[in-house]
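What the coordinates show
Residue strings, one per chain:
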Amino acid sequence: MNLTLRIWRQAGPATGGSMVEYDAGDIGPDMSFLEMLDVVNERLMERGEVPIAFDHDCREGICGSCSLMINGVAHGPERGTATCQLHMRSFADGDTISVEPWRARAFPIVKDLVVDRGAFDRIIQAGGYITAPTGSARDANTILISKDTVDTAMDAAQCIACGACVAACPNGSAALFTASKITHLGLLPQGQPERYGRALRMVAQMDIEHFGGCTLYGECQEACPKEISIDTITRMNRDFLRATLSQGHGAVARAD
Amino acid sequence: MRPLESGVPSGPIEQKWDKHRFEMKLVNPANKRKYTVLVVGSGLAGASAAATLSELGYNVKCFFFQDSPRRAHSIAAQGGINAAKNYRNDGDSIYRLFYDTVKGGDFRSREANVYRLAQISVEIIDQCVAQGVPFAREYGGLLANRSFGGAQVSRTFYARGQTGQQLLLGAYQQLEKEVGRGGVTVYPRTEMLDLIVVDGQARGIVTRDMVSGRISSHLGDAVVLGTGGYGNVFYLSTNAKGSNATAIWRAHKRGAAFANPCYTQIHPTCIPVSGEHQSKLTLMSESLRNDGRVWVPRQKGDQRRPEQIPENERDYYLERKYPSFGNLAPRDIASRAAKEACDQGLGVGERGLGVYLDFADAIKRLGEQTIRERYGNLFQMYQRITDENPFVGPMRIYPAVHYTMGGLWVDYNLMSTIPGLHVIGEANFSDHGANRLGASALMQGLADGYFVLPATIGEYLASSKPVRIGADHPDVRQAETEVTESTSKLLSIKGKRTVDSFHRELGKIMWDHCGMARNAAGLQRALQLIPELRAEFWSNVNVPGSDAELNQALEKAGRVADFLELGELMCADALHREESCGGHFREEYQTGDGEALRNDELFAYAAAWEYCGANQPERMHREPLGFEYVQLAQRSYK
């Protein structure tokens, strides 16, 4: 395949950037999208040019590093697929492909296609955990959890924190990311004692990080490589509302 | 070098760890605050250690090259984690898990460490459930289990095909909780480039901030490396692209002995290579062998589609050769059997380097829905990569480099030959001998990080009482200068070849001569080729860009420079070990029917190599391995 790439190049966080055109000839359909970029980079380096920086690591769709806006779609045209699992057979010979970084106020660009997603870690710090210090646990089978509950929790827990939901959202909201953690932990019996405080603190942190509000466009669930549903956002809103209403009335910690 | 004293406590094996825990010195809570521990790596071992040390009261700094600790490669582990819970009532016990692991490791591990691992396995599951890890459950709400290779009991806990992800997120969340509390400071996109040793003790690390390029030193009272394995020396492996050996290799060059570098695990079920452009290999979880049957056509060059080949013209070779373990034979054995079939010309797929993993019988027996529930995401991943649907036809699989059992030598306290330098998880050599069983890597990473290291590091700090040193200490300055110089050197060569082209060439040498089957002539050839390639690298590599920016080519160059040295040591170790054991198969040493032939009289030891200077052969030291509880025997899975 012979392709034309239009790629965002930006030398550093403080500089401006622009789309730069590259020819990508002789690309095989079995290559992954990132392998195609590897080939382009090898050719750039052979010419002594600086290669295109992009985040990637596991290349099997689970680490959440890769983060490319391909033709304006987060992770490209295939549903439920991270960029590293996207293959060139999804494109046609002669195509022009635009590649940009995630664009969101909360994700500043570091270089080229690399962005800073540290805000996600800080949302987790605010409450995305169950407090269980090492050594304090009782026997695992003393906690019973129905199969349906654990399956729903697992659906939400699959989030890879890639940030596609934020990039796809017209508001730049991190609602799907935050809601998936609130849903995962809030569904489990172990997560009950901290459930409402968690919702309050994580939602507050989203605002501090300058993520936009959720107005239920639903773009996030279309972009999510793990196909996490916006049902989780409804759960988050419910927990948050309940926590807000009962704040100061001592009912926050009570499980329902 | 500190002598190789394993420090295994005396007494019956069941009581060693408890006795040791009582005998170790404690650091009182007020004093813990005064100590700083540097943890490098944020995978299962690193994250669980950093979080637990912080909970205990230590000041912790945690360094990792990814942008978030949650992206460490433990995240990609699929199948599960072993624990001797015996919830299935199928005869499991701590002793059986211990026994299976020693036997699975082909009698090249330290018994006392393995027993402790089996003991702790039980607590790990409790800890993870308390954190909210959504392990699979039965309808009654109790935990579910599956089987894995090398065991006849069902002791593997799992969260769909994403167990590593869920366990890592558990540890990551605990770590972030501690970051929020102020006990841990994290350093993302930061790479460790050297170890600082002062008066023989590990006192700090030199790092490069991968965004600004700034080189700086961090000092502490102890250093913990949880930086994973070195499988990427082969270029193509199931490791993440960023996985590297730089931290352990540079610690090795500062005096930490490297044990059993030749023990590499080739995983039997990976998606075959599709072309020259391939950048990594993707594993299909071993758990698939629970329900998938491995076969090749009986007839060479059979061009028919797999479903057109009738039953009697298929060779289910694992079931035929190993009737009692069948498709669940351990990894090394299953990998070698696949290679053998392909070497005989029976391989399938375009390149003839593949065997079938067939689910037709399981789908018939259990229904498509059950198979989808068990392996849905794996089937999806396979289809995405190959464009073939495994519900319709069999998968094609081939072995690939997956895990390295070798690593920095550690004693029973997980301390290397440099006092104060502790090594945990895949980065050490301690528990898996010459072959790791499936679902045991997650177990070891978490055992080390949650339970062993947080206890043993106190013993070191309480007895060594490290004195304060400043950033202007000459040894600190010296290490910083050396790092800066070697970075500038890489940038100044301005040769003609890219870093990847060297890496690919090294990988091919390693795969051809130090891969699934090795022999003296091939290893000698590799020992000649690698130094030549290394010399060319240092005179002809081209690293564009500068050192004061995000420069991924520069990062890679440093890592490949280290692989070019480590690869040579792996071959030297493989050449010296004139026997076959586990993942190390020497063609000269095999039984009549092609099984690994150990030589316990001469080689029942861990080989720990001491660095002796650039381009000098390394010196080998032996830690003899005694087997008091599991009797030495030829492994049989027939």
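Rules and cut-offs
Residues numbered from 1 in each chain as written. Chains lettered and ligands numbered in written order. Predicted model: local features only at pLDDT ≥ 70, side-chain atom pairs only at ≥ 80, totals over all residues. Helix = DSSP H or I, 4+ residues; strand = E, 2+ residues; numbered from the N terminus. Buried ≥ 20, exposed ≤ 12 C-beta atoms within 10 Å, placed from the backbone. Contact = placed C-beta atoms within 7 Å. Rg over C-alpha atoms; globule rule 2.2 N^0.38 Å. Domains from an automatic or database assignment. Nonpolar A, V, L, I, M, F, W, Y, C, P; charged D, E, K, R; others polar. Pairing = 2+ DSSP bridges. Expected span 1.5 Å × (residues − 1). Axes fitted to C-alpha atoms, helices over the stretch in contact; angles between N-to-C directions. pLDDT = per-residue confidence, 0-100. Core = buried A, V, L, I, M, F, W, Y, C linked by C-beta atoms within 7 Å. Parallel < 35°, antiparallel > 145°, perpendicular 65-115°, else oblique. Bend = angle between axes of the 7 residues up to and from the residue.

**Quick word on the overall build of chain A**
Of the regular secondary structure elements, chain A holds eight helices and seven strands. Principal axes of the C-alpha set define a box for chain A whose edges measure 65 × 40 × 35 Å. Considering chain A as a whole, with its 256 residues, one finds that 53% of them fall into the buried category. The long-range share in chain A, meaning contacts at least 24 apart out of those at least 6 apart in sequence, stands at 72%.

**Things to note about the overall build of chain B**
In terms of helices and strands, chain B carries 17 helices and 19 strands. Against the 2.2 N^0.38 benchmark of 26 Å for 638 residues, chain B shows a C-alpha radius of gyration of 24 Å, consistent with a compact globule. For chain B, the spread of C-alpha atoms along the principal axes amounts to about 75 × 60 × 50 Å. Across the 638 residues that make up chain B, the buried fraction comes to 61%.

**As for the domain arrangement of chain A**
Residues and elements named next belong to chain A. Once the domains are mapped, chain A shows domain 1 (3–111) and domain 2 (117–246). Averaged C-alpha coordinates put domain 1 and domain 2 at centres separated by 29 Å. With 18 residues of domain 1 at the interface, the matching set in domain 2 holds 18 residues. Here the residues of the side of domain 1 that touches domain 2 are counted per class, giving 10 nonpolar, six polar and two charged.

**Re the sheet that holds strand β5 (residues 96–100) of chain A**
As a general point, the strands of a sheet are linked pairwise by backbone hydrogen bonds and lie either parallel or antiparallel. Residues and elements named next belong to chain A. The five strands are arranged β2-β1-β5-β3-β4 in an open sheet whose pairing can be described as mixed. Looking at which strands have only one partner, the edges of the open sheet turn out to be β2 (17–24) and β4 (73–74). In the sheet, strand β3 (residues 69–70) pairs with β5 via two bridges, with the strands oriented antiparallel. Paired with I70 across the bridge in β5 is V99.

**Overview of helix α6 (residues 163–181) of chain B**
Residues and elements named next belong to chain B. In a regular helix each residue adds 1.5 Å, so 19 residues correspond to 27 Å; α6 covers 27 Å between its end C-alpha atoms and thus fits that length. Burial of α6 is extensive: 17 of the 19 residues sit out of reach of the surface. Looking one or two places after α6, you find G182, whose phi comes out positive at around 100°.

**Quick look at the sheet that holds strand β19 (residues 619–624) of chain B**
Residue and element names in this part refer to chain B. Spatial strand order, β16-β10-β18-β19: four strands in an open sheet with antiparallel pairing. Looking at which strands have only one partner, the edges of the open sheet turn out to be β16 (407–408) and β19. Here strand β10 (residues 258–259) pairs with strand β18 (residues 605–610) via two bridges, running antiparallel. Residue pairing across strands places F258 opposite W609, the latter belonging to β18. Contacts from helix α16 (residues 552–576) reach β10, β18 and β19, with the element oriented near 145° to β18.

**Notes on the interface of chain A and chain B**
Between chain A and chain B, the contact holds 68 residues from the first and 61 residues from the second. Secondary structure elements with two or more residues in the side of chain A that touches chain B: α1 (33–46), β6 (109–111), α2 (118–125), α3 (147–157) and α5 (175–187) of chain A. No other element matches the seven residues that α1 of chain A contributes to the side of chain A that touches chain B. For the side of chain A that touches chain B, a count of residues per class yields 31 nonpolar, 20 polar and 17 charged.

**Observations regarding the confidence of the model for chain B**
When pLDDT is averaged along chain B, the result is 96; 100% of the residues meet or exceed 70. Interface confidence in the predicted complex, given as ipTM, is 0.97; pTM for the same model is 0.97.

**Quick look at the nonpolar core**
Core analysis: the biggest nonpolar cluster contains 286 residues, and V166 of chain A together with V224 and L408 of chain B have the highest contact counts within it. Of the residues forming this core, the biggest block, 14 residues, is contributed by α16 of chain B. Residues in contact with L408 of chain B, not counting those within four places in the same chain, are I248, A251, H252, A256, F258, A259, S416, V423, A427, N428 and F429 of chain B.

**Some words on the confidence of the model for chain A**
Averaged over every residue, the pLDDT of chain A is 95; the share at 70 or more is 96%. Across residues 250–256 of chain A, confidence stays below pLDDT 50; counting only partners more than four residues off in sequence or on other chains, it has 10 contacts.

**Topic: the pairing of strand β5 (residues 184–187) of chain B**
Residue and element names in this part refer to chain B. Alternating positions in β5 separate cleanly, V184 and V186 being buried on one face and T185 and Y187 remaining unburied on the opposite face. Looking at chain direction, strand β2 (residues 59–63) and β5 are connected through four bridges and run parallel. Note on β5: the bridge partner recorded for F63 is Y187.

**Some words on the domain arrangement of chain B**
Residues and elements named next belong to chain B. Per the domain assignment, the segments of chain B are domain 1 (266–402) and domain 2 (474–624). Relative placement of domain 1 and domain 2: their C-alpha centres are 31 Å apart. In this assembly, seven residues from domain 1 lie in contact with seven residues from domain 2. It is helix α9 (residues 331–343) that provides the largest number of residues to the side of domain 1 that touches domain 2, a total of five residues. A per-class count over the side of domain 1 that touches domain 2 returns two nonpolar, one polar and four charged.

**Concerning the environment of G76 of chain A**
Residues and elements named next belong to chain A. Among the secondary structure elements, G76 is positioned in the loop between β4 and β5. Residue G76 is classed as buried on the basis of its 23 C-beta neighbours within 10 Å. For the pair formed by G76 and A223, sequence separation is 147 residues and the distance between their alpha carbons is 8.6 Å. Filtering out sequence-adjacent residues up to four positions away, G76 remains in contact with F33, I70, T83, L86 and S90.

**A word on the pairing of β5 of chain A**
Examined bridge by bridge, strand β1 (residues 3–10) of chain A and β5 of chain A share four bridges and lie parallel to one another. By the bridge assignment for β5 of chain A, T4 of chain A is matched with T96 of chain A.

**Side note on unusual backbone geometry**
Residues and elements named next belong to chain B. The phi torsion at D106 lies on the positive side, around 55°, for a residue other than glycine. Tracing the backbone shows D106 in the loop between α4 (94–104) and α5 (111–131). Given 25 C-beta atoms within a 10 Å radius, D106 is considered buried. Phi at R160 takes a positive value of approximately 45°, unusual for a residue other than glycine. With respect to the helices and strands, the residue R160 is situated in the loop between β4 (156–157) and α6. R160 gets classed as buried once you count the C-beta atoms within 10 Å, which come to 24.

**A word on the environment of G180 of chain B**
Tracing the backbone through its elements, the reader meets G180 of chain B in helix α6. Excluding anything up to four places from it in sequence, G180 of chain B contacts Q125 and A126 of chain A.

**Structural notes on the packing of α5 of chain B against helix α12 (residues 441–464) of chain B**
Residues and elements named next belong to chain B. At a closest axis distance of 9 Å, the pairing of α5 and α12 adopts a crossing angle of 80°. By the criterion of interaxial angle, the relationship of α5 to α12 is roughly perpendicular. Residues L117, I120, S121, E123, I124 and Q127 of α5 touch α12, and the partners they reach there are M443, Q444, L446, A447, Y450 and F451.

**A few points about α12 of chain B**
Residue and element names in this part refer to chain B. Along its length, α12 shows its largest kink, about 50°, at V452, and proline P454 lies within four residues downstream of that point. Among the 24 residues of α12, 19 are classified as buried, and the element is accordingly described as predominantly covered. Trailing α12 by a residue or two, K465 shows a phi angle of about 40°, which is positive.

**What about the packing of helix α13 (residues 474–492) of chain B against α16 of chain B?**
Residues and elements named next belong to chain B. Contact geometry for α13 and α16: axes closest at 10 Å, N-to-C directions at 110°. In terms of axis orientation, α13 runs roughly perpendicular to α16. Note on element contacts: α16 touches α13 through L554, A557 and G558, opposite T487, L490 and L491. Among the residues forming the contact of α13 with α16, the class breakdown is four nonpolar, two polar and no charged.

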